[in-house]
Amino acid sequence: DYRSPELFLQSAMELAEEGLPLRIHFLGTSTSRSLESFMKKYPQNILHHQAVSLEKAVATMEKADILLNISNTLDNQVPSKIFDYFSLGKPVLNVQKISDCPSREYFDRYPLSFTLTDRTPDVQGMKEFLLSAKGRCVSYDTVSELFYDATLEYAADKCEKILTDIL
């Protein structure tokens, strides 16, 4: 329930049944009953790969057309993986679980994202995003400008300023 993919899978399989060719890969451990249920019903569309090495995960993400983020159900956490996703420049489909999701501000900044909300899922908007975003990317320079406040350089500059001010 913490990061249930049910809403996303329900919306995606609705589009698959309309004829949109979707193949969804999940990487890593999962105990999601909804994922298992959808995999049984749509084995050609949904695949689950157990935990893989970081190198394999990055290589898989680099080949992907679109990356998926299922946000937290906690209002005080931003999934750190979203910055990895952004740094790849790939389109990102974000599933927002709670109305006051702290990661939303980052997705609103990122030019190749679409947010599917649990409360009012816009399935046709998701379809338009999936079709229009495929093959597009954001340059690393653009990403580093948009999210400068989330870079190691920014953190180092802040630490240096604090230390300089103290001394």
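Below or above, wherever it landed, is the structure these notes cover. Every value quoted in this text rests on a predicted model; they were computed, and no experiment measured them.

By the definition in use, this model includes eleven aromatic pairs. With a centroid separation of 4.4 Å and 25 degrees between ring planes, the pair formed by Phe 86 and Tyr 110 is classed as stacked. Of the two residues, Phe 86 sits in helix α4 (residues 81–88) while Tyr 110 sits in the loop between α5 (104–109) and β5 (113–117), which places them 24 residues apart along the sequence. The pair formed by Phe 86 and Tyr 110 is uniform in burial state, with each residue classed as buried. Between Tyr 148 and Tyr 154, the aromatic rings sit 5.5 Å apart at their centres with planes inclined by 85 degrees, giving edge-to-face as the arrangement.

Here the focus is the nonpolar core. One finds Phe 8, Ile 46, Phe 86 and Met 126 to be the most contacted residues of the largest nonpolar core, which totals 39 residues. Not counting residues within four places of it along the chain, the set of residues in contact with Phe 86 comprises Val 92, Tyr 106, Phe 107, Tyr 110, Val 143 and Phe 147.

Attention shifts here to the side chain of Ser 32. Here Ser 32 shows up in the loop between β1 (24–27) and α2 (33–41). For Ser 32, a relative accessible area of 16% gives the class buried. In terms of polar contacts, Ser 32 uses its side chain to reach the backbone amide nitrogen of Leu 35, at 3.0 Å.

On to α2. Of the residues making up α2, those classed as buried are Ser 34, Leu 35 and Phe 38. Along the axis of α2, the buried positions cluster into a sector of 100 degrees, meaning they face one direction only. Exposed residues lying more than 90 degrees from the buried face of α2 are Arg 33 and Lys 40. Where the residues of α2 are buried, they touch α1 (6–17), β1 and β2 (46–49).

Reading the values: the criteria
- Residues numbered from 1 in each chain as written.
- Predicted model: local features only at pLDDT ≥ 70, side-chain atom pairs only at ≥ 80, totals over all residues.
- Heavy atoms only, no water.
- Phe/Tyr/Trp six-rings, centres within 6.5 Å; stacked < 30°, edge-to-face > 60°.
- Helix = DSSP H or I, 4+ residues; strand = E, 2+ residues; numbered from the N terminus.
- Buried < 20%, exposed > 50% of the residue type's maximum accessible area, 1.4 Å probe, protein only.
- Core = buried A, V, L, I, M, F, W, Y, C linked by side-chain atoms within 4.5 Å.
- Contact = heavy atoms within 4.5 Å.
- Polar contact = N/O pair within 3.5 Å; in protein donor to acceptor, adjacent residues only side chain to side chain.
- Arc of directions from axis to C-beta.

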